[in-house]
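Residue-level listing of the chains:
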Amino acid sequence: MTTLSAARVSELFEASFGFKPVTTVKAPGRVNIIGEHTDYNGGFVLPAAINYNTFIALAPRDDRQLHLVAYNFDNASCVVDLDAVQQHDAAESWPNYVRGVVQELRKKGFTLAGGDLYIAGNVPAGAGLSSSASLEIALIRALLALSGEAVDPTEAALIGQAAENHFVGCNCGIMDQLISARGQENSALLIDCQDLSVRPVPMPADWEILIVHSGVKRGLVDSEYNQRRQQCETAAAFFGQTSLRAVELAQLLAAEGELDELSFRRARHVLTENARTLAAAEALAAGDLPALIKVMVESHASMCDDFNITTPAIDSLVDILVEAGAGKAGARMTGGGFGGCVVAVAPAAVIPQLIAAVETKYQARTGCIPTLIRAKASAGAF
Ligand code: GLA
């Protein structure tokens, strides 16, 4: 899986359709360094696109159909009529991404054109690394390559998000699609989710990102996720606002006791996480490792205590990484929560001691099997 490349996916297309594709496009997954559950609250996030992608090899057809084959689903196939009103497919999940993207592109006035497409990805699914967003953004690139139409990358991200919100059923924010579309090599992006402005923050040359999959399968993700979003909206409404971005931390703290306890904790996570994300961007830009470690560790504690989205095994994994780093590694859960991955940031020289600690301690402590991913901050799809 990890050895997938554009050339390999092109060969897989040929094996499946019997002729060569005209081109292959790709869109990356992402790791979020910090800024969790802040995007749909109009807050700040600091993700990086990673060197794991969804690839799509494609060739035009002379009708208005898409014929698709999905490598990651045992070469399952589906046919989509570009001019039909798209219906949700209850039996299989992956065609919904295609139908959702087609529907949203058509709504925005894109004409689209028929094509044969072979989809294959190596972003681990269900890991909190945005395999869904990478599929949506790769599909948008592929469909517009077929029709020769152009799209602004931020607009592409909004279309991908709308497909996920309306067709897949997760009420996600904009972070994953935006970083998959707009990521930059060797940089994280500080995104202000209120106005969608982005600022590249270069990674210090001798620092590395280590992602560890906890081996904990994410459960109840969409329902818990949508519930968190609602709780944040309830907290904002208490202050007469539609978004927590419009609420100051001091205002929230002054309302402790008046606001119900759950809404208070959810809002405290979001508002303190916004401040930590801005501090992390400064720390990364300045190469200030102690400052970055401090906010990553605080972010994890806040996700655990105030937002209640971590699991005991994930908490142990973060402890193991931070301990092994001995003041030279920051770590926290990354992504929507309830399982999935932990992200660590440390100087390259420290990474081997982090890996050794995970390998010797994590399974013994939790019974879960970790997977180590050495990721590089990479360019987005556009
Ligand atoms: C998922 C969503 C994002 C974001 C994160 C949590 O990845 O798709 O929009 O809300 O969870 O930070």
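Going by the structure above, here's the rest.
Residues numbered from 1 in each chain as written. Predicted model: local features only at pLDDT ≥ 70, side-chain atom pairs only at ≥ 80, totals over all residues. Heavy atoms only, no water.

Details of the site of the ligand
Next up, step 1: Taken together, Arg30, Glu36, His37, Asp39, Tyr40, Cys172, Gly173, Met175, Asp176, Tyr225 and Gly336 form the complete shell of residues around the ligand.
Next up, step 2: The side chain of Arg30 places a nitrogen or oxygen atom 3.0 Å from an oxygen atom of the ligand.
Next up, step 3: One of the side-chain N or O atoms of Asp176 is found 2.6 Å from an oxygen atom in the ligand.
Next up, step 4: Split by residue class, the shell around the ligand holds four nonpolar, three polar and four charged. (Near = heavy atom within 4 Å. Polar contact = N/O pair within 3.5 Å; in protein donor to acceptor, adjacent residues only side chain to side chain. Nonpolar A, V, L, I, M, F, W, Y, C, P; charged D, E, K, R; others polar.)

Some words on the pattern of salt bridges
Next up, step 1: Scanning the model with the defined rule gives 20 salt bridges in all.
Next up, step 2: The shortest N-O distance in the salt bridge between Glu14 and Lys20 comes to 3.1 Å.
Next up, step 3: In this structure, Glu36 and Arg332 form a salt bridge, with 2.7 Å as the shortest nitrogen-oxygen distance. With a gap of 296 residues between them, Glu36 in the loop between β1 (23-34) and β2 (44-60) and Arg332 in strand β9 (residues 330-334) connect regions that are remote in the sequence. In terms of burial, Glu36 and Arg332 fall into one category: buried.
Next up, step 4: One network of salt bridges, with partners in common, ties together Glu36, Glu273, Arg276 and Arg332. (Salt bridge = Lys/Arg side-chain N within 4 Å of Asp/Glu carboxyl O. Helix = DSSP H or I, 4+ residues; strand = E, 2+ residues; numbered from the N terminus. Buried < 20%, exposed > 50% of the residue type's maximum accessible area, 1.4 Å probe, protein only.)

Considering the sheet that holds strand β8 (residues 207-213)
Next up, step 1: With antiparallel pairing, the four strands of this open sheet are ordered in space as β9-β10-β8-β11. Two strands in the sheet have a free side with no partner beyond their single neighbour: β9 and β11 (371-375). Pairwise comparison of adjacent strand axes, ignoring direction, gives a mean angle of 25° for this sheet.
Next up, step 2: The pairing of β8 with β11 spans five bridges and is antiparallel. Residue pairing in the sheet places Ile209 in a bridge with Ala375 of β11.
Next up, step 3: Sitting on the sheet, helix α10 (residues 312-325) is in contact with β8, β9 and β10 (341-347), with an inclination near 160° to β9. (Pairing = 2+ DSSP bridges. Axes fitted to C-alpha atoms, helices over the stretch in contact; angles between N-to-C directions. Contact = heavy atoms within 4.5 Å.)

Some details on α10
Next up, step 1: A rise of 1.5 Å per residue sets the reference length of α10, with its 14 residues, at 20 Å; its end C-alpha atoms lie 20 Å apart and thus fit the reference within 8%.
Next up, step 2: The buried fraction of α10 amounts to ten of the 14 residues, a majority that puts the element mostly inside the structure.
Next up, step 3: Check the buried side of α10 and you find it contacts β8, α9 (289-305), β9, β10 and α11 (351-366).
Next up, step 4: Residue Ala326 follows α10 closely and has a positive phi angle near 45°. (Expected span 1.5 Å × (residues − 1).)

Side note on the packing of α10 against α11
Next up, step 1: Taken N-terminus to C-terminus, the directions of α10 and α11 make an angle of 145°; their axes are 9 Å apart at the nearest point. Where α10 crosses over α11, the handedness of that crossing is right-handed. Counting all contacts with α10, which are made through Ala313, Ser316, Leu317, Ile320, Leu321, Glu323, Ala324 and Gly325, the residues of α11 involved are Gln353, Leu354, Ala357, Val358, Lys361, Tyr362, Arg365 and Thr366.
Next up, step 2: Residue classes in the contact of α10 with α11 are distributed as nine nonpolar, four polar and three charged. (Left-handed = near helix turned anticlockwise from the far one by under 90°.)

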